[in-house]
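# A look at the structure
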Amino acid sequence: MEVITSDGVNIGTVDDLGDDQIRLAKNTSPDGVHHFVPLDWVDHVDEQVHLKRKAPEVQAVW
């Protein structure tokens, strides 16, 4: 499932879901590394996971 920021940027796909975070697949990451997104950043889920934060905010904590 794709993960989309509030400004419409696809930041990767879900690889795994933990108790409090989403692990993004490293093969969809621009730097080839797993990244993690806290579940409290999720706004809603439909065909995609939509985040409450913009791409620069998300990528700043990587």
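Naming follows an unreviewed UniProt entry, where the protein appears as DUF2171 domain-containing protein of Labrys neptuniae.

## Considering the pattern of salt bridges
This structure, assessed with the given rule, holds 1 salt bridge. A salt bridge links aspartate 15 to arginine 23, with the shortest nitrogen-to-oxygen separation between them at 2.8 Å. The class for arginine 23 is partly exposed, based on a relative accessible area of 28%.

## Comments concerning the sheet that holds strand S2 (residues 10-17)
Strand order in this open sheet of 6 strands is S4-S3-S2-S1-S6-S5, and the pairing throughout is mixed. Either end of the sheet is taken by a strand with one partner, and the two such strands are strand S4 (35-38) and strand S5 (42-45). Each adjacent strand pair in this sheet contributes to an overall mean axis angle of 40 degrees, direction not counted. For S2 and strand S3 (residues 21-24), the ladder comprises 3 bridges, and the chain directions are antiparallel. Pairing of leucine 17 across the sheet is with isoleucine 22, part of S3.

## Description of the pairing of S2
As defined by bridge partners, strand S1 (residues 2-4) adjoins S2 across 3 bridges and the pair is classed as antiparallel. The partner of isoleucine 4 across the bridge, within S2, is asparagine 10. Counting the residues that bridge the hairpin from S1 to S2 gives 5 residues, and of these glycine 8 lies at a positive phi of roughly 85 degrees. In sequence, S2 turns back onto S3 through a hairpin of 3 residues.

Conventions and cut-offs
- Residues numbered from 1 in each chain as written.
- Predicted model: local features only at pLDDT ≥ 70, side-chain atom pairs only at ≥ 80, totals over all residues.
- Heavy atoms only, no water.
- Salt bridge = Lys/Arg side-chain N within 4 Å of Asp/Glu carboxyl O.
- Buried < 20%, exposed > 50% of the residue type's maximum accessible area, 1.4 Å probe, protein only.
- Pairing = 2+ DSSP bridges.
- Helix = DSSP H or I, 4+ residues; strand = E, 2+ residues; numbered from the N terminus.
- Axes fitted to C-alpha atoms, helices over the stretch in contact; angles between N-to-C directions.

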